[in-house]
Amino acid sequence: MIHIPKAEYGRRRKALMAQMEPNSIAILPAAAVAIRNRDVEHVYRQDSDFQYLSGFPEPQAVIVLMPGRAHGEYILFCRERNAERELWDGLRAGQEGAIRDYGADDAFPITDIDDILPGLIEGRDRVYSAMGSNPEFDRHLMEWINVIRSKANLGAQPPNEFVALDHLLHDMRLYKSAAELKVMREAARISAQAHIRAMQAARPGLYEYSLEAELDYEFRKGGAKMPAYGSIVAAGRNSCILHYQQNDAVLKDGDLVLIDAGCEIDCYASDITRTWPVSGKFSPEQKAIYEVVLAAQEAAFAEIAPDKHWNQAHEATVRVITEGLVRLGLLEGDVEALIASEAYRAFYMHRAGHWLGMDVHDVGEYRVGGEWRVLEVGMTLTVEPGIYIGPNDRSVAKKWRGIGVRIEDDVVVTKTGCEILTRGVPKTVADIEALMAAARAQAA
């Protein structure tokens, strides 16, 4: 299985510390364990910022970065080894493992943090933390600061400035390294296979969850621990619900199925949407809408390159979709006027994409200084135009109602344009119909 190499975590910590003010400290907690019900826990998933800096997979841990500290700049508080708990819950790294396997310069038991951390903070001018994202940890941090303040009359020096760590860290996460892209390509490859498997398995009479099971099988078979987000398997009129997740309706002949799903590898997400007919053959109306969306996506790809700004891809999809809706008679009027009045939003109500990385809707500003962000090499994003015609929309002819189409791929900005990471899933009408016909012939 492909993973981020340990040396890269060290480079990230050094890069972050190089941006921190002199005589400062950064403090970041691991994700808490989430209780599912009573004494059953959700599958643990590390906080993305914590993972980005450490690769450390355990809860009850705190990263401390102290540029210039003589005894080591990277300190990790974590659980101690405990034979009895490890019998129940699995092995722990402990302090030795934190240093040996995860690159910490120094490591302490998490149970000692109240005694040790105030002494590390004392005398530092500035504290960087993920303020506001973890209220419980914010409270602990202020308790440690107050311990220092209580000793000010003895000469203790509390920090005089607190800064959100997000600005520095999230800008770093926006640019993907070669190692990150290698992991993301693997996540894309596995997810592409899952979408193909779902297309091949589709039959009238199955349920949406039948196809979700095919996705989950392929994800796990490929080595992914979990989906990157709740899989959307939306058949028929459900395809017009953007974040549909019930996944329990029957697949009917003549319906489209919209699947929005991707897996996560080493905490890096993939995000693919494909829309296709349960019967294996698009109706004329379904095909017409589908090909407008596909053309919009192709137009967006052409607007993703260095020195182009974030919104150009979206603007391209708006133009192609508006022109297509006019051509099909779903909108009436002058294209420029319809774009200016946002008439297309009755059918295309979301943006063309989002940043992608450790979070499926990844961190990073879309505007800088009030202007759309200029794209740069290494940025990864989704491209996902769609058209959704409500099943009860009486403003359009009945033949169009209930058709929902979205097509989504993941791309990385390159020196000359963009690389489509998820091109392994068929996308043209002809290719989708051929794949499904071959699967049915083989099953017959």
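To keep things clear, this report deals only with the structure shown in the data block. (Residues numbered from 1 in each chain as written. Predicted model: local features only at pLDDT ≥ 70, side-chain atom pairs only at ≥ 80, totals over all residues. Heavy atoms only, no water.)

**Details of the overall build of the protein chain**
Using the following cut-off: The helix count covers DSSP runs of H or I at least four residues long, the strand count covers runs of E at least two residues long, and both are numbered beginning at the N terminus. Throughout, exposure labels follow a simple rule: accessible area from a 1.4 Å probe, protein chains only, divided by the maximum for the residue type, with under 20% read as buried, over 50% as exposed, and the rest as partly exposed. By definition, residues are in contact when any of their heavy atoms lie within 4.5 Å. The Shrake-Rupley method, run with a 1.4 Å probe, gives the accessible areas here. Residue values count only the displayed protein chains as cover.
Looking only at helices and strands, the protein chain has 13 helices and 21 strands in total. Judged by the C-alpha coordinates and their principal axes, the protein chain covers about 80 × 50 × 40 Å. Here the protein chain holds 444 residues, and the buried ones make up 52% of them. Of the contacts made within the protein chain by residues no fewer than 6 positions apart, 70% connect residues no fewer than 24 positions apart. Total accessible area on the protein chain is roughly 20,300 Å²; 50% of this is exposed by carbon and sulfur atoms.

**Focus on a nonpolar patch on the surface**
Here is the rule we go by: Like charges are joined within 9 Å and nonpolar side chains (Val, Leu, Ile, Met, Phe, Trp, Tyr) within 5 Å, but only among residues with over 30% relative accessible area and no salt bridge; these make up the patches. The rule for a salt bridge is simple: a side-chain nitrogen of Lys or Arg has to be within 4 Å of a carboxyl oxygen of Asp or Glu.
On the surface, Y207, Y209 and V250 cluster together into a nonpolar patch covering about 250 Å² of accessible area. By secondary structure assignment, the location of Y207 is in the loop between α8 (178–201) and α9 (208–221).

**A look at the pairing of strand β7 (residues 126–129)**
As a reminder, the rule being used: For two strands to be treated as a pair, DSSP must find at least two bridges joining them.
Neither face of β7 is left uncovered, since the one carrying R126 and Y128 and the one carrying V127 and S129 both have all their residues buried. Bridge analysis of strand β1 (residues 24–29) against β7 gives four bridges, and the strand direction is parallel. When the sheet's bridge partners are listed, I27 is paired in β7 with S129. Bridge count between β7 and strand β8 (residues 161–164): four bridges; the pairing is parallel. Bridge pairing in β8 links S129 to A164.

**With respect to the side chain of R124**
This is how it is decided: Asp and Glu count as negative and Lys and Arg as positive, but His and the ends of the chain are not part of the count. Residues adjacent in sequence count toward polar contacts only when both atoms are side-chain atoms; beyond that, a polar contact is any pair of N or O atoms within 3.5 Å, and within protein one must be able to donate a hydrogen and the other to accept it.
Counting through the fold element by element, R124 comes out in the loop between α5 (113–121) and β7. An unpaired buried charge is present at R124: no salt bridge exists, and E73, the closest side chain of opposite charge, is 7.6 Å distant. Separated by 2.9 Å, the side chain of R124 and the backbone oxygen of S24 make a polar contact. Not counting residues up to four positions away in its chain, the partners in contact with R124 are N23, S24, I25, M66, P67, R69, P158 and P159.

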